[in-house]
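Fold and contact review
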Amino acid sequence: MQNTDLTVDNEARARGRIQRANSLAGHVYEAIFAQLMSLRIVPGSRITVDNLVKEFNVSHTPIREALGRLEGEGLVLKTHLIGYRAAPQITRRRFDELYELRLMLEPAAAAKATATMDGERLAALQAAAGVMARRVGKDERLRYSNFARQDAIFHDKIVEFAQNELIRETLNHQHTHFHIFRLMYHSRVTEEALDEHEAILAAFAAGDPDAAEKAMRAHIENSRDRLLPAFE
């Protein structure tokens, strides 16, 4: 350990080693989140607090805080007197329903968001889109989990800029992106999505609502098609 400032090695986090840090529970959360996204923690499997304490070399408190946060995001379930387990994988029916919902709401929201777009909002979307950070870092699991979060933020901001809180709340309540990204841990899921994000950003930059709606629809349809093999 270099000094009392205490830093966290991102790649070590994804491999399961946590260094001390000021926001320890946050770093533990990110490490467990990365394992859930990359399927290192299998959907439906039991998550033992004592095992995580040993793996990350931390106390029970940050582990429980992190698991509580993940429970709020629908990624972890807690059963009285039994403990924690990873949320089960979504079913094919649920998958179809989620994409039907997204296709009804998000393309129209993208078109509407175009009218409110300015330089500051476009910059926020560019930062969230993940395009600037593609292929940064050596740890594939960490990069995948980071993109899962960025993708969720990117889509949420678009709906926020469309100024429809009911649609935003509806999509957030489903924890759509996190469940979808757990279906398949594969570089194709991120690389092709990044290209599609660029197309959406280009439509916003051009101030073209029709192009934004079309690009968003194509992105969601392509995402659905990329992940369908997970059910085969």
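This section reports on the structure supplied with the text. (Residues numbered from 1 in each chain as written. Predicted model: local features only at pLDDT ≥ 70, side-chain atom pairs only at ≥ 80, totals over all residues. Heavy atoms only, no water.)

1. A short note on the sheet that holds strand β1 (residues 46–47)
Strands sit in the order β1-β3-β2 across an open sheet of three strands; the sheet is antiparallel. Each end of this open sheet is capped by a strand with a single partner; those strands are β1 and β2 (76–79). In this sheet, strand β3 (residues 83–86) lies alongside β2 in antiparallel orientation, the contact comprising four bridges. For L77, the partnering residue across the bridge sits in β3 and is R85. In the packing of helix α4 (residues 60–72) onto the sheet, contacts are made with β1, β2 and β3, and the angle to β2 comes to roughly 110 degrees. (Pairing = 2+ DSSP bridges. Helix = DSSP H or I, 4+ residues; strand = E, 2+ residues; numbered from the N terminus. Contact = heavy atoms within 4.5 Å. Axes fitted to C-alpha atoms, helices over the stretch in contact; angles between N-to-C directions.)

2. Side note on the environment of A109
Among the structural elements, A109 can be located in helix α5 (residues 92–114). C-alpha of A109 to C-alpha of E213: the two residues are 104 residues apart in sequence and 7.7 Å apart in space. Beyond its immediate sequence surroundings of up to four residues, A109 is in contact with I158, V159 and A162.

3. Topic: the pattern of salt bridges
In the structure shown here, the tally under the stated rule is 12 salt bridges. For D156, the salt bridge is made with R168, and the minimal N-O distance between the two is 2.9 Å. One end of the pair, D156, is in helix α7 (residues 140–161); the other, R168, is in helix α8 (residues 165–173), with 12 residues separating them in the sequence. Residue D156 is classed as buried on the basis of its relative accessible area, which comes to 17%. For E196, the salt bridge goes to R226, with nearest N and O atoms at 2.8 Å. (Salt bridge = Lys/Arg side-chain N within 4 Å of Asp/Glu carboxyl O. Buried < 20%, exposed > 50% of the residue type's maximum accessible area, 1.4 Å probe, protein only.)

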